[in-house]
Amino acid sequence: MDCYGQYQETKLNSSMYFDNCWMKLSPHLDNSSFRCNDTSFAYNETQAWFAGLAIALESFTGTILNFLVIVALLRNSELRKEYMTPGIISMAITDFLFSVAVLPVMSLLFLNGDMLVSHIGLFSFFCYGLWFCSAWNLLGISILRCIALFYPYETKQPEFRRKTKLMIAMAWIIPFLFLVPTLYRKYGRFGLECRTMIPRIIPIDSGSNPTSTEPEWVLGSIMFIPGVLTIVLNIVTYAQISKLQSRIILAMAKISEEKMRNLIAREKRIGLMVAIVSIAFFLVYFPTMVLRVMDENANITKRNATIFGYLINWSIGIIDPLVYIMCRKNYRNEIKSIFEAVFRCSNPSQICGDLHPRNNDNVGKKSGLNTISLKTISPKNSPKSSSELGK
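The structure presented is a predicted model; accordingly, all values stated were derived computationally and were not measured.

**Q** Describe the state of the cysteines, naming the residues involved and giving the relevant values.
**A** In this structure the tally under the stated criterion is one disulfide. Shown here is the disulfide that connects Cys-21 with Cys-194, its sulfur atoms set 1.9 Å apart. Judged by the sign of its S-S torsion, about 95°, the bond between Cys-21 and Cys-194 is right-handed. On the criterion of sequence distance, the pair formed by Cys-21 in strand 2 (residues 20-24) and Cys-194 in the loop between strand 3 (189-192) and strand 4 (199-202) is long-range, its members being 173 residues apart.

Next comes the structure, spelled out in structure tokens:
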């Protein structure tokens, strides 16, 4: 059977749930081990066990870290009030679902040499959807930061909270809408790739006709649109923060220097956090993308490199929560308090702490930080002259 240069559906004898898989080979591969009817698992025992255990570790670590971030943000009343919180929680939920539902399946795939999910279409729809959701959530977070810096008074309005929730909802709905045609085989189809058993978007529709374009590459390219917009918005917000710094001197007479310094430092940390998460999201997929561009059969011809590429890809579920925790001291403090409360509850000699959501309004009022707003140094509210400072 000649399957060079195109996808062919091939009989699969080694799978528990699937009778067929899809294979695309390059005409440059003439070794008999790459023939179209060879559907044996591509990775040897050492490679499979290494990948399976490493992915299992990523799954466990990502699940714990993202769960802690979600609980910390929901538990603390002051953190819940921050304009960035809905976006961060949404991002953490995508990473949590990926870590708890997708990575275990991929780990078992390598350990068993077989895909153990019976409905590859729905599973692929879910996997690709979560990936797309992450990019659109990043765009939503960047938009929220722009609004907060250019129109800070808007963040105090009840309407802003509702618009934020709507934006987050759209960041979940739009990505899955893009994948509906593929789910129903109107623009390609979801299928199992021979040799690797990895779910792919196959460029063949329901009538067994090849699509005019590669759906996986087209949908992947669409992903770069929110990516580019996210980078542009981060640059714009950075420029705005730099511009606001020049107004701090004029605002010193109205607000203490320490409070202003804390405010601008907080916004810089948030900006750094968003920038790192945005850049990391696209960088982790770069090695695999380069491999596939250089050799469309790299998953067979460069197996070690492919495995490391997958591990880098799927590490994003660990990178994101680590960035949140490292960039925000109040996140770290809240997670520390969770561990302290759990320890008290698990130690019979200690009085059990409160694991329910905490109200830190009094703490915030004592520090005075919760009363500070970027509105203070926004263009509409910044003093324009020294005479105004004395008012």
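**Q** I'd like a rundown of the pairing of strand 4, residues and numbers included.
**A** Side-chain alternation along strand 4 places Pro-199 and Ile-201 on one buried face and Arg-200 and Ile-202 on a second face that is also buried. As paired strands, strand 3 and strand 4 are joined by four bridges and run antiparallel to one another. Across the sheet, Phe-190 pairs through a bridge with Ile-201, a residue of strand 4. The turn linking strand 3 back onto strand 4 is made up of six residues, and Arg-195 within it adopts a positive phi angle of 75°.

**Q** Which residues make up the confidence of the model for the protein, and what values go with them?
**A** On average, residues of the protein score 79 in pLDDT, and 78% of them are at 70 or above. pLDDT under 50 marks residues 1-5. Its contacts with residues more than four places away, or in other chains, come to 13 contacts. Scored below 50 in pLDDT, residues 361-391 makes 43 contacts in the model with residues more than four places away or belonging to other chains.

**Q** Can you explain the side chain of Thr-306? Please cite residues and give values.
**A** Position of Thr-306 among the secondary structure elements: in helix 10 (residues 303-313). A polar contact is formed between the side chain of Thr-306 and the backbone oxygen of Lys-302, at a distance of 2.8 Å. Other than its neighbours up to four places away in sequence, Thr-306 contacts Tyr-43, Leu-291, Ala-298 and Asn-299.

**Q** Could you give an account of the layout of surface pockets, naming the residues involved and the relevant values?
**A** The space that makes up the second largest pocket amounts to roughly 760 Å³. The wall of the second largest pocket is formed by 29 residues, among which Tyr-128, Trp-131, Arg-200, Tyr-285 and Asn-313 lie closest to the centre. The element contributing the most residues to the lining of the second largest pocket is helix 6 (residues 215-251), with six residues. For the lining of the second largest pocket, the residue count by class is 19 nonpolar, six polar and four charged.

**Q** Account for empty space enclosed by the protein, naming residues and giving values.
**A** Within this structure, the stated rule accounts for one cavity of 30 Å³ or more. Around the largest cavity, the lining residues are Ile-88, Met-91, Leu-138, Ile-141, Val-274, Val-277 and Tyr-324. Sorting the residues of the lining of the largest cavity by element identifies helix 3 (85-112), helix 4 (120-150) and helix 7 (257-283) as the ones contributing at least two each. When grouped by side-chain class, the residues that make up the lining of the largest cavity number seven nonpolar, no polar and no charged.

**Q** Tell me about the environment of Arg-189, and please be specific about residues and values.
**A** If you trace the backbone, Arg-189 turns up in strand 3. Along the sequence, Arg-189 and Asp-205 sit 16 residues apart, while their C-alpha atoms lie 6.1 Å from each other. When sequence neighbours within four positions are dropped, the list of residues in contact with Arg-189 reads Trp-22, Thr-182, Arg-200, Ile-201, Ile-202, Ile-204, Asp-205, Ser-206 and Ser-208. Among the polar contacts made by the side chain of Arg-189, one reaches the main-chain carbonyl oxygen of Asp-205 at a distance of 2.7 Å.

**Q** Account for the nonpolar core, with residues named and values stated.
**A** Within the largest apolar cluster, 46 residues are counted, with the highest numbers of intra-cluster contacts made by Met-84, Ile-88 and Tyr-324. Mapped onto this core, the elements with two or more residues apiece are helix 1 (45-75), helix 3, helix 4, helix 5 (158-183), helix 6, helix 7, helix 11 (316-327) and helix 12 (329-346). Examining the composition of this core, we find that nine residues originate from one element, helix 4, more than from any other. Grouped together as the second largest cluster of nonpolar side chains are 28 residues, Ala-42, Ile-55, Cys-194 and Tyr-310 included.

**Q** Now, about a nonpolar patch on the surface: what can you tell me, with residues and values included?
**A** Judged by side-chain polarity, Phe-150, Tyr-151, Phe-224, Val-228, Val-232 and Val-236 come together as a nonpolar surface patch covering roughly 510 Å² of accessible area. At four residues, helix 6 tops the list of elements feeding residues into the nonpolar patch. Residue placement: Tyr-151 occurs in the loop between helix 4 and helix 5.

**Q** Outline the pattern of salt bridges, supporting the account with residue identities and numerical values.
**A** Across all of its chains, the model carries six salt bridges by this definition. Arg-75 is the partner of Glu-334 in a salt bridge, and the nearest nitrogen-oxygen pair spans 2.6 Å. Residue Glu-334 is found in helix 12, and its partner Arg-75 is found in helix 1; the two are separated by 259 residues along the sequence. Residue Arg-75 is classed as buried on the basis of its relative accessible area of 5%. The shortest N-O distance in the salt bridge between Lys-81 and Glu-78 comes to 3.6 Å. Of this pair, Lys-81 and Glu-78 both sit in helix 2 (residues 77-81), three residues apart, which is roughly one turn of that helix.

**Q** A description of the packing of aromatic side chains should follow, citing residues and the corresponding values.
**A** Tallied over the entire structure, the rule returns 15 aromatic pairs. Ring centres of Tyr-310 and Trp-314 lie 5.1 Å apart, and the angle between their planes is 5°; this geometry places the pair in the stacked category. For the pair Tyr-310 and Trp-314, a shared accessibility class is recorded, and that class is buried. Taken together, the aromatic side chains of Tyr-128, Trp-131, Phe-132, Phe-190, Phe-281, Phe-282 and Tyr-285 make up a single cluster linked through ring pairs.

Cut-offs used in this document
- Note that residues are indexed from 1 along each chain, following the sequence as it is written.
- In keeping with the model being predicted, local features are shown solely for residues with a pLDDT of at least 70 and side-chain atom pairs are shown and tallied solely at 80 or more, while totals for entire chains, interfaces and linings include all residues.
- Each side-chain value is worked out from all heavy atoms of the structure, with water and hydrogens disregarded.
- In plain terms, two cysteine sulfur atoms within 2.5 Å form what is called a disulfide here.
- Helix and strand assignments follow DSSP, with helices taken as H or I runs no shorter than four residues and strands as E runs no shorter than two, numbered in order from the N terminus.
- Here's how the labels work: a residue is buried when its accessible area is under 20% of the maximum for its type, exposed when over 50%, partly exposed in between, all with a 1.4 Å probe on protein chains only.
- A pair of strands is treated as paired once DSSP finds two or more bridges between them.
- On a range of 0 to 100, pLDDT expresses the predictor's confidence in each residue.
- It only takes one pair of heavy atoms within 4.5 Å for two residues to be counted as in contact.
- In protein, a polar contact requires one atom able to donate a hydrogen and another able to accept it; more generally it is a pair of N or O atoms within 3.5 Å, and residues adjacent in sequence count only if both atoms are side-chain atoms.
- Throughout, the protein atoms alone are placed on a 1 Å grid, and a set of points is a cavity if a 1.4 Å probe fits but cannot get out or a pocket if it is open with protein on both sides within 12 Å along at least five of seven lines; lining residues have an atom within 4 Å of a point.
- Grid points are joined across faces, edges and corners, and a volume is the space filled by probe spheres set on the points.
- Here the nonpolar group is Ala, Val, Leu, Ile, Met, Phe, Trp, Tyr, Cys and Pro; Asp, Glu, Lys and Arg are the charged ones; every other residue, Gly included, is treated as polar.
- Here, nonpolar core means buried Ala, Val, Leu, Ile, Met, Phe, Trp, Tyr and Cys residues that are tied together by side-chain atoms lying within 4.5 Å of each other.
- In this scheme, patches are assembled from residues that exceed 30% relative accessible area and form no salt bridge. Like charges are connected within 9 Å, while nonpolar side chains (Val, Leu, Ile, Met, Phe, Trp, Tyr) are connected within 5 Å.
- Exposure was quantified through the Shrake-Rupley algorithm and a 1.4 Å probe, taking into account, for residues, occlusion by the shown protein chains and nothing else.
- Salt bridges are defined by distance alone: a side-chain nitrogen of Lys or Arg within 4 Å of a carboxyl oxygen of Asp or Glu.
- Classification of ring pairs uses Phe, Tyr and Trp, with its six-membered ring standing for Trp, and accepts pairs whose centres are within 6.5 Å; under 30 degrees between planes counts as stacked, over 60 as edge-to-face, and the remaining range as tilted.

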